[in-house]
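Understanding the architecture of this molecule
Chain by chain, the residues run as shown.
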Amino acid sequence: MRVALSVACFEDVLFPGTAKAVTVLLERLGHEVAFPPGQTCCGQFHWTAGYHREAAGLARSHAAAFEGCEVVVAPSASCAATVRADYPKIARAARDPGLARAAEGLAFYELTEFLVDVLGVTDVGAYFPHRVTYHPSCRSLRTLGVGDRPVRLLRSVRGLDLVELPSAGECCGFGGAFAMKNADVSVAMVADKVRHVRDTGAEVVCAVDDSCLAHIGGALSRLRGGVRTMHLAEILAETGPA
Amino acid sequence: MPRPKFAAAARPELADTRSRRNLRGATAALRGREAAAAAGTADWEDLREAGRAIGDGALLDLDAHLEELERAVTEAGGTVHWAADAAEARLVVTGLVRATGAKEVVKAASATTREIGLNDALARAGVTVRETGVAEMVVQLGEDAPSHLLSPAAHRDRAEIAELLRRAVPGAGPGLADDPEALAAAARTHLRDRFLRARVAVTGANFLVAETGTLVLLESEGNARMCLTLPETLISIAGIDKVVPTWDDMEVFLQLLPRSSTGDRMTPYVSSWTGVTPGDGPRAFHLVLLDNGRTRALADEVGRAALRCIRCSACSNVCPVYERTGGRPYGPVHPGPIGAVLTPLTRGVESAADASLPYASTLCGACADVCPVKIDIPDVLVHLRGKVVESRRRRPVPTPEMALMRGLAWTMGDPRRHEAAVRRGVRWARLLSRGGRIRRLPGLLGKWTEARDLPAPPAESFRGWWDRTRA
């Protein structure tokens with residue numbers, strides 16, 4: 001299958017390893033990966049911050065960048081959720097039925113949905129001999145309802161010791177502009193998340209959103225917490241002895 | 001002095017470790033009970049959908065239902081008063097109390113009276129208000145503001161409550177133990193005297209049934225019921241959004257509300273009262289119907305969904321922001337996620353404090369998942385953020401944030417501009433970094449690095465890698 005990759009704007013710059021891992025993983029599974037060059041940003045940040053006019057402009061060009069693609073995969077639940085759940089709202093707010101139609105025409109998936117539902121695989125042949133815990137991001141959990149797909153993928157990774165995160169479903173406190181506008185509350189929230197992560201004894205905390213991981217990782221780094229953050233795709237791309 | 005923005009009001013609450021521990025305990029216990037109650041109700045999703053539909057239907061023809069309600073209340077011997085705003089409501093209630101000559105009123109179960117600032121207004125009129133809900137009484141004795149819609153003293157623990165009661169209840173004595181039974185007994189002694197003396201009571205109502213003119217109130221202590229039955233004059237005040245068309249509709253809400261508020265299948269005391277009954281209960285009954293911005297919210301096609309709220313507090317109990325700040329930073333009207341939408345919907349977003357409320361959320365969505373009448377709170381929050389930004393656009397000089405957001409959108413609006421900006425940004429970011437991390441960002445972004453690092457961007461972006469290896 002020819003899979004078009006949607007890479008979050010900040011991921012492209014700050015976490016290029018995630019999209020590289022997705023590319024390597026999908027190619028290993030026998031698929032052709034494309035990276036439509038017209039993409040910049042899905043408009044989520046502007047939409048949720050209240051800049052709805054600007055969000056509509058970004059949404060239009062984002063949808064246009066993937067026009068005609070058979071299937072689009074994003075290693076970011078929040079970007080996928082924006083296209084699927086928010087574009088109809090952005091279109092309504094901007095009174096732009098064209099945008100609504102364009103969004104409807106896109107087969108836009110979050111990575112784990114694509115692997116499990118479209119490709120029908122949970123064992124992607126990965127090897128990662130480490131103790132890992134998984135943080136379900138709010139958008140993956142509640143907007144997309146990816147459920148246990150990421151966990152099923154992780155359980156199939158050879159050598160991986162998966163440990164459950166206490167209060168896993170509680171938000172890490174990032175929330176886009178929230179982390180800046182309500183910095184103190186945001187920090188109080190991530191402090192609890194980091195405490196739970198450290199309680200698991202895991203070496204790695206992973207998620208399907210680099211935004212949450214930037215937040216959790218940023219707090220861990222300040223604390224010299226001794227725990228690494230990795231995108232789930234980076235774990236799935238790892239291989240070892242056969 | 002203007003009310004502070006949410007972020008500023010949250011700061012002292014975050015520092016109060018005792019209050020935070022108490023709130024965490026209270027919300028965790030409630031959300032556990034609520035989740036169990038919902039899971040134990042086989043038709044829970046059908047009930048939620050029914051609650052949503054009844055609420056929407058009631059709001060769609062609100063004017064007709066209100067007229068029907070007024071007719072029914074009047075026929076039953078009550079008097080209906082309309083109040084367009086808080087000032088008018090205060091005037092009506094203080095006038096009614098003055099006319100009785102009473103110098104003291106007992107009050108129960110009314111967040112609406114807090115919304116209109118009734119206690120202060122009555123105090124200015126020389127009337128003392130005695131809160132009779134135990135939690136409200138504790139808040140009044142402690143001279144602080146309520147922190148939770150359902151249990152206003154959720155931020156207090158038993159030791160603190162015992163201390164307040166020791167000071168306030170002369171009969172309780174210094175030996176008052178801080179176990180629940182002893183505290184309840186002390187509160188009961190204190191309140192009994194108030195009930196027996198009171199000639200006037202002020203209450204709220206959970207629901208107003210239009211077809212019969214009946215008010216319905218749910219409570220766990222029975223103190224509101226005492227207010228409804230003992231005094232000569234009863235004044236009930238309720239928002240116009242509390243109307244349900246028919247008595248049958250109560251079947252749905254009497255199941256939804258207790259499960260979502262306390263996790264109980266039934267509320268210990270469900271009281272309903274209709275007008276006056278000769279020889280029994282109050283001799284005069286007044287219903288004050290309050291608008292105070294509710295029609296403004298009704299006119300907002302996205303926001304009006306929030307008027308379905310049945311004030312159960314389930315959204316607060318699951319909200320990670322609320323759990324850490326308590327209800328007070330949300331302002332005097334409604335706490336928690338629903339307050340973050342209802343307050344700006346009814347008051348507008350002109351003041352900095354009201355405009356900050358829609359941003360007091362990470363949009364995690366936990367509130368929408370538990371709402372018994374399916375209010376999509378994050379959806380309304382984002383809608384209101386749009387209103388805040390629109391109101392800022394009208395200013396002659398753009399705020400730094402607006403300049404940044406517009407600049408970002410302009411840059412990202414075109415792939416070539418975007419790529420050039422990324423290259424520049426990466427160079428700057430790498431200059432700011434030490435050992436692979438950025439510990440201090442300049443300008444508006446500095447808020448991020450107050451307590452969190454940012455990873456330094458690698459020298460090569462994904463785009464760069466793609467062009468080098470795949471293109």
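Residues numbered from 1 in each chain as written. Chains lettered and ligands numbered in written order. Predicted model: local features only at pLDDT ≥ 70, side-chain atom pairs only at ≥ 80, totals over all residues. Heavy atoms only, no water.

You'll find chain B entered in an unreviewed UniProt entry as L-lactate dehydrogenase complex protein LldF, with Actinomadura luteofluorescens given as the organism.

As recorded in an unreviewed UniProt entry, chain A goes by L-lactate dehydrogenase complex protein LldE and comes from Actinomadura luteofluorescens.

Our next topic: the interface of chain B and chain A. Contacts between the two partners involve 65 residues from chain B and, on the opposite side, 59 residues from chain A. Buried area between chain B and chain A, both sides added, is near 5500 Å², and the carbon and sulfur share of it is 61%. Across the pair Arg324(B) and Asp192(A) runs a salt bridge, and its minimum N-O distance is 2.6 Å. For the side of chain B that touches chain A, the secondary structure elements donating two or more residues are helix 1 (6-15), helix 15 (320-325), helix 18 (366-370), helix 19 (377-393), helix 20 (400-412), helix 21 (415-432), strand 12 (454-455) and helix 22 (462-469) of chain B. The biggest single contributor to the side of chain B that touches chain A is helix 19 of chain B, with 8 residues. (Contact = heavy atoms within 4.5 Å. Buried area = accessible area lost by both parts, 1.4 Å probe. Salt bridge = Lys/Arg side-chain N within 4 Å of Asp/Glu carboxyl O. Helix = DSSP H or I, 4+ residues; strand = E, 2+ residues; numbered from the N terminus.)

So, about helix 4 (residues 62-75) of chain B. Residue and element names in this part refer to chain B. For helix 4, with 14 residues, the first-to-last C-alpha span of 20 Å sits near the 20 Å given by 1.5 Å per residue. Within helix 4, burial applies to Leu62, His65, Leu66, Leu69, Ala72 and Val73. Seen end-on, helix 4 carries its buried residues on one side only, within an arc spanning 130°. For helix 4, the exposed residues lying more than 90 degrees away from the buried face are Asp63, Glu67 and Glu75. (Expected span 1.5 Å × (residues − 1). Buried < 20%, exposed > 50% of the residue type's maximum accessible area, 1.4 Å probe, protein only. Arc of directions from axis to C-beta.)

Residues and elements named next belong to chain A. Segmentation of chain A into domains returns domain 1 (2-118) and domain 2 (131-236). Distance from the C-alpha centre of domain 1 to the C-alpha centre of domain 2: 22 Å. Between domain 1 and domain 2, the residue contacts involve 29 residues of the former and 22 residues of the latter. The junction of domain 1 with domain 2 conceals about 1900 Å² of combined surface from both sides, 66% of it contributed by carbon and sulfur atoms. A per-residue breakdown of the area domain 1 buries against domain 2 is headed by Ala77, Thr112 and Val116, which together make up 23% of the total. Counting every contact that joins domain 1 to domain 2 gives 2 salt bridges. (Domains from an automatic or database assignment.)

Turning to the UniProt feature "domain: Cysteine-rich" (unreviewed entry) in chain A, a few remarks are in order. Residues and elements named next belong to chain A. As annotated by UniProt and renumbered to match this structure, "domain: Cysteine-rich" (unreviewed entry) occupies residues 4-83 and 132-216. For the annotated span residues 4-83, helix accounts for 57% and strand for 11% of the residues, and the straight-line distance between the end C-alpha atoms is 15 Å. Between the first and last C-alpha atoms of residues 132-216 the distance is 15 Å; the span itself is 48% helix and 12% strand. (UniProt positions renumbered as here; feature names shortened; annotations may be inferred.)

In this section: the pattern of salt bridges. All names here are of chain B. Enumeration according to the criterion identifies 52 salt bridges over all chains in this entry. Taking the shortest distance from any N to any O, the salt bridge between Glu131 and Lys107 comes out at 2.9 Å. You can see Glu131 sitting in strand 3 (residues 128-131) and its partner Lys107 sitting in strand 2 (residues 104-108), a full 24 residues away along the chain. Note on accessibility: Glu131 and Lys107 belong to one class, buried. Across the pair Asp193 and Arg197 runs a salt bridge whose closest N-O atoms are separated by 3.1 Å. One end of the pair, Asp193, and the other, Arg197, are both in helix 10 (residues 180-197), 4 residues apart, so they sit about a helical turn from each other. A residue is classified by how much of its surface remains accessible, and Asp193, at 42% relative accessible area, is partly exposed. One salt-bridge network, held together by shared partners, links Glu13, Arg18, Arg21, Asp144, Arg156, Asp157, Glu160 and Arg328.

What helix 22 of chain B keeps buried is the set Phe462(B), Arg463(B), Trp465(B) and Trp466(B). Axial view of helix 22 of chain B: buried residues confined to an arc of 165°, hence all on one face. Buried residues along helix 22 of chain B sit against strand 1 (2-5), helix 1 (9-14), helix 2 (16-28) and strand 2 (32-34) of chain A together with helix 21 of chain B.

Residues and elements named next belong to chain A. What the 4 strands build is an open sheet, ordered 2-1-3-4; its pairing is parallel. Bordering the open sheet on either side are strand 2 and strand 4 (108-110), each of which pairs with just one other strand. Across the sheet, the mean angle separating the axes of adjacent strands is 35° when strand polarity is ignored. As paired strands, strand 1 and strand 3 (residues 71-74) are joined by 3 bridges and run parallel to one another. Residue pairing across strands places Leu5 opposite Val73, the latter belonging to strand 3. (Pairing = 2+ DSSP bridges. Axes fitted to C-alpha atoms, helices over the stretch in contact; angles between N-to-C directions.)

Residue and element names in this part refer to chain B. At a minimum axis distance of 11 Å, the contact between helix 9 (residues 158-168) and helix 10 shows a crossing angle of 30°. Between helix 9 and helix 10, the angle is such that the two are roughly parallel. In the packing of helix 9 onto helix 10, the handedness of the crossing is left-handed. Facing helix 9, whose interface residues are Arg158, Ile161, Ala162, Leu165 and Ala168, helix 10 presents Pro180, Leu183, Ala186 and His190. (Parallel < 35°, antiparallel > 145°, perpendicular 65-115°, else oblique. Left-handed = near helix turned anticlockwise from the far one by under 90°.)

In this section: unusual backbone geometry. At Arg95(A), a position not held by glycine, the phi torsion is positive, near 50°. Here Arg95(A) is to be found in the loop between helix 5 (77-93) and helix 6 (97-104).

Residues and elements named next belong to chain B. Using the criterion set out here, one finds 0 disulfides over all chains in the structure. Here Cys312 is not cross-linked by a disulfide; its sulfur's nearest cysteine counterpart is in Cys315, at 6.3 Å. Not engaged in a disulfide, the cysteine Cys371 finds its nearest cysteine sulfur in Cys312; these two sulfurs lie 6.4 Å apart. Overall, Cys371 belongs to the buried group, its relative accessible area being 8%. (Disulfide = S-S within 2.5 Å.)

Below, the discussion takes up the sheet that holds strand 1 (residues 79-83) of chain B. All names here are of chain B. Taken in spatial order, the 6 strands of this open sheet run 1-10-7-4-2-3, and their pairing is parallel. Edge strands, defined here as strands with exactly one partner in the open sheet, are strand 1 and strand 3. Here the average twist between neighbouring strands, direction ignored, is 25°. As judged from the 4 bridges shared by strand 4 (residues 200-203) and strand 7 (residues 233-239), these two strands associate in the parallel manner. Residue pairing in the sheet places Ala201 in a bridge with Leu234 of strand 7.

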